[in-house]
Each structure stands twice: as structure tokens, then as C-alpha cells.
Amino acid sequence: MSAGADTMIRPGSNQLHLELYHLMTMSRALDEIIGSHDGHWHGLEGEEAVVAGVYHGLRPTDVLAPHYRGTIIAAYAKGADLRTLLAGAMGRTTGYNMGRYRNDICGPAQYNLIGLYSGSLGPPLGYATGGALAAKMDGRDDVAVAVFGDGSSSRGDCHESMNLASVKKLPVVFVCQNNQIAISTEAQSGVGGSVAERGRSFGMPGIAVDGNDVLAVHAAMQEAIGRARAGEGPSTIEAVTYRVAGHFYSDAEDYRDPQTVRRWRERDPIRAYRDHLIAEGIVDASGLDAMDAEARQKARDAMDTALADPLPTASDLAPELVYAPDGFVKGEWQ
């Protein structure tokens, strides 16, 4: 990651700050570029502090079941190639998915990402818990991370996974990306009580953090990961933020108060973190401008390349591993 030639950056631990800021701005850039091509894209505006704070710094061997609203940036944070990710989002054969399934909700398995294969929002909590069980049985100090929304917190999958993780003392971190709305149902109408308290009710630490404060999210995440790697069992983090974007880009959003959206948009986590970095003397405004421009350019270049790649043909979508190729009759080549 380059922050630009004119950036004023202090040496040392400030690299973490720059990496978190980069993930946040790249999230915003990807939203803009993918949303301009796909009206059904589930945007992340307003939630960038959660994804950057949670996905930064995971090991390649850690298992991650990300929220569908953030799968691509999760894969990018784990080391996946941006152009290949965008090719998948656009349905091209050059994507990790080879055009065969939805890259936007199913991350590349080679980076230990578990996707939303069924389209149902609860099962990935169980998948991640299974990944944690495998790590414990194998004697590895890897962790699993399950990221889910406030709506999914009320599903049976969530309670069953938390219970098993607690009973077996599994190395898993449950992160509720609480954006306070499940499609069109606001949290006060669909979630009883605090998700952090639900974690505590299963005998694990339950921590509520400001989901618009990337440093608070990252600190809570690192503490939970440390506990898990040390064999101290699971944790729950509830990162409270707000879904400023619609459920998807073409959402009419006629089900909520525009004033509420406006108030939360004024709390933009990227702008808040930008102000913090400048105030602390970590990087100046021109340096941050350069990082913003670089992220947007990288996203545009990756998308331009991806769009020039081929769409799948019928033969691409019916591989020989599923259907016998031409010339194969009754178990023999003709």
C-alpha cells in the first residue's frame, strides 16, 4: 500500500492506522464502483469501521465466515486479488468463482472464507463454529470468526452455535455487525435486548463497542482473538453502527425516516477516523487525499480489467466434474 509521495507519516506503529484507513477507503471505493454496475449490490456505506476493525490482521489459516455485506473486502483483507474478486462480482470466468456462483456473498475458499452458499443468513455461524472445532481437534491455535447482522442474531443458528462454542470452549469470535436494520425491519422491532448480553448468557465475554470507531472495534477484536488463541474460548462482540446505504443500491428506502439516515451519515466513520489521524499528527490531509485517490483508482482499474474479461459459456457453467463431457457414454470413452 502506497500513501503517496507527499504524505507526511510518522514511522513505527502508525502503519496499523494506515492499513485500517486503507481498508475503510477501499470498502467505500468498491461500493461506488460495483454499485454503479449492479443495482442489487449490498453496500457498506456507514459500516466501514466494522469490517476494517474485524478483518484486519487475520492469519491465512484462520477461518472467516463474513457478513454478506462485506465479503469482498474481507477476502481482500485476507490477501485475495482485487481484479479477480471484481471479475467474480461481475460474473466473469476469470473470477475465483469462474462465473459459476455469486462472488459477492461467497468468498474464495482458498483464503479460508466460508460463503453464504444457501442464501440463508444463519448457517455461516454454524460453519465458523465447525471451523473452530476442527482447529481445536487438530491442536492448532487458529481461530474462526463469524460475522452476522442484528437480524441473524435472533435465528436458532446463532444460539446453537454460541452454546456449542461455549460448552466446548472453541476458538471462535462471534461478531454482530449491528447496523440496526434487517432489510426493512428496524432492530427495535426485531431484536430483543443486547446481542452482547446474549453472548454473556452463554458464558463468554460479551462486548458492546461503537461500530463507527475503527480503533475500538479493532481493539475488541484483538482481545477476543488473543483469548481464542490462548485456549480461553469464544467471545461475542456487538459493533453497533448503522446501515446508511439502502438494503441494496436500487432500494427505494421508503420504509425509514430520512432524518435518521441523515444523522448517521453525519457520523461517517471514514471522516471521523480521518479527523483523528490528522489531529494525532499521524498523516496530513494531503496524504489521506492521496490514499483516497489511490483506492479509487485501484478499484476502477480492477473493474475495467474485469469487465473486459469473458462471460461464461454453457460449457463453463457445466464442468466435466458435474456432467460427463461429450464422447463419454455408459462409463466409457467412445
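Read on for a plain summary of the structure. Computed from a predicted model, the values in this text were never measured in an experiment.

Some points on the side chain of Asp150
Mapped onto the fold, Asp150 is located in the loop between β2 (144–149) and α6 (156–168). Here Asp150 sits buried without a salt bridge, and the closest side chain of opposite charge, Arg243, lies 8.0 Å off (N-O distance). When neighbours within four sequence positions are excluded, Asp150 is seen to be in contact with Cys176, Gln177, Asn178, Asn179, Gln180, Ile181, Ala182, Ala187 and Val191.

Side note on the pattern of salt bridges
Under the definition given, this model contains 17 salt bridges. Asp268 is the salt-bridge partner of Arg28, the closest N and O atoms lying 2.9 Å from each other. Here Arg28 is found in helix α1 (residues 14–35), whereas its partner Asp268 is found in the loop between α9 (258–265) and α10 (269–279), with 240 residues between them in sequence. Neither Arg28 nor Asp268 differs from the other in exposure class; each is buried. In this structure, Asp289 engages Arg274 in a salt bridge whose closest nitrogen and oxygen atoms are separated by 2.5 Å. Residue Asp289 is found in helix α11 (residues 285–307), and its partner Arg274 is found in helix α10; the two are separated by 15 residues along the sequence. Given a relative accessible area of 40%, Asp289 falls into the partly exposed group.

Considerations on the layout of surface pockets
Considered as a void within the structure, the largest pocket measures approximately 260 Å³ in volume. At the level of elements, α5 (123–138), β2 and β4 (181–182) are the ones that each hand at least two residues to the lining of the largest pocket. Here the element with the most residues in the lining of the largest pocket is β2; it accounts for 3 residues. Along the lines of polarity and charge, the residues of the lining of the largest pocket split into 13 nonpolar, 7 polar and 3 charged.

Regarding the nonpolar core
If you look at the biggest cluster of nonpolar residues, it comprises 60 residues, and the most contacted ones within it are Leu30, Ile34, Val54, Ile73 and Val145. Considering each element in turn, this core owes the most residues, 10 residues, to α1. Residue contacts for Val54: discarding those within four places in its chain leaves Val145, Val147, Val175, Val217 and Met221. Listed in part, the 21 residues of the second largest apolar core include Ala65, Ala132, Ala165 and Phe202.

Here's the deal with the environment of Val167
Along the chain, the position of Val167 falls in helix α6. Separated by 35 residues in the primary sequence, Val167 and Phe202 place their C-alpha atoms 8.6 Å from one another.

What about the pairing of strand β3 (residues 172–178)?
Sheet faces and side chains relate simply in a regular strand, where the side chains alternate between the two faces. Burial runs high along β3: 7 of the 7 residues are buried. Every second residue of β3 is oriented toward a common face, with Val172, Phe174, Cys176 and Asn178 on one face and Val173, Val175 and Gln177 on the other, all of them buried. Relative to β3, β2 is paired through 6 bridges, and the arrangement is parallel. The residue of β3 that forms the bridge with Phe148 is Cys176. Crossover handedness for the path β2 to α6 to β3: right-handed. Alignment of β3 against strand β7 (residues 235–240), held across 6 bridges, turns out to be parallel. Note that in β7 the partner of Gln177 across the bridge is Ala239.

Quick look at the packing of α10 against α11
Contact geometry of α10 with α11 gives a least axis separation of 10 Å together with a crossing angle of 140°. Put simply, α10 runs oblique to α11. Crossing handedness for the pair α10 and α11: right-handed. Together, Arg274, Leu277 and Ile278 of α10 and Ala285, Leu288, Asp289 and Asp292 of α11 make up the contact between the two elements. Looking at the contact of α10 with α11 residue by residue, the classes come out as 4 nonpolar, no polar and 3 charged.

Analysis parameters
Numbers given to residues run from 1 along each chain, matching the order in which its sequence is written. It should be noted that, the model being predicted, local features are given only for residues of pLDDT at least 70 and side-chain atom pairs only at 80 or more, the latter also being counted only at that level, while totals for whole chains, interfaces and linings use all residues. Hydrogens and water are ignored here; the side-chain numbers use all heavy atoms of the structure. Counting from the N terminus, the helices are the DSSP runs of H or I reaching at least four residues and the strands are the DSSP runs of E reaching at least two. Each residue's exposure class comes from its accessible area (1.4 Å probe, protein chains only) as a fraction of the maximum for that residue type: buried when under 20%, exposed when over 50%, partly exposed otherwise. Charged residues are defined here as Lys and Arg on the positive side and Asp and Glu on the negative side; His and the ends of the chain fall outside this count. For salt bridges, the criterion is a side-chain nitrogen of Lys or Arg within 4 Å of an Asp or Glu carboxyl oxygen. The criterion used for residue contact is that any of the two residues' heavy atoms lie within 4.5 Å. With a 1 Å grid spanning the protein atoms alone, the term cavity applies to any set of points in which a 1.4 Å probe fits but cannot get out, the term pocket to an open set with protein on both sides within 12 Å along at least five of seven lines, and the term lining residue to any residue with an atom within 4 Å of a point. Grid points are joined across faces, edges and corners, and a volume is the space filled by probe spheres set on the points. Under the scheme applied, nonpolar residues are Ala, Val, Leu, Ile, Met, Phe, Trp, Tyr, Cys and Pro; charged residues are Asp, Glu, Lys and Arg; polar residues are all the others, including Gly. For the purposes of this section, nonpolar cores are sets of buried Ala, Val, Leu, Ile, Met, Phe, Trp, Tyr and Cys residues that join through side-chain atoms within 4.5 Å. By the convention used here, strands pair only if DSSP detects at least 2 bridges between them. A crossover gets the label right-handed when its path from the first strand over the helix to the second runs clockwise, viewed with the strands pointing away from the viewer. Lines fitted to the C-alpha atoms define the axes, with helices restricted to the stretch that makes contact. Angles between their N-to-C directions range from 0 to 180 degrees. An angle counts as roughly parallel when it lies under 35 degrees, as roughly antiparallel when it exceeds 145, as roughly perpendicular when it falls between 65 and 115, and as oblique in every other case. Left-handed is the label given to a crossing in which the near helix is rotated counterclockwise from the far helix by less than a right angle, and right-handed is the label when the rotation is clockwise.

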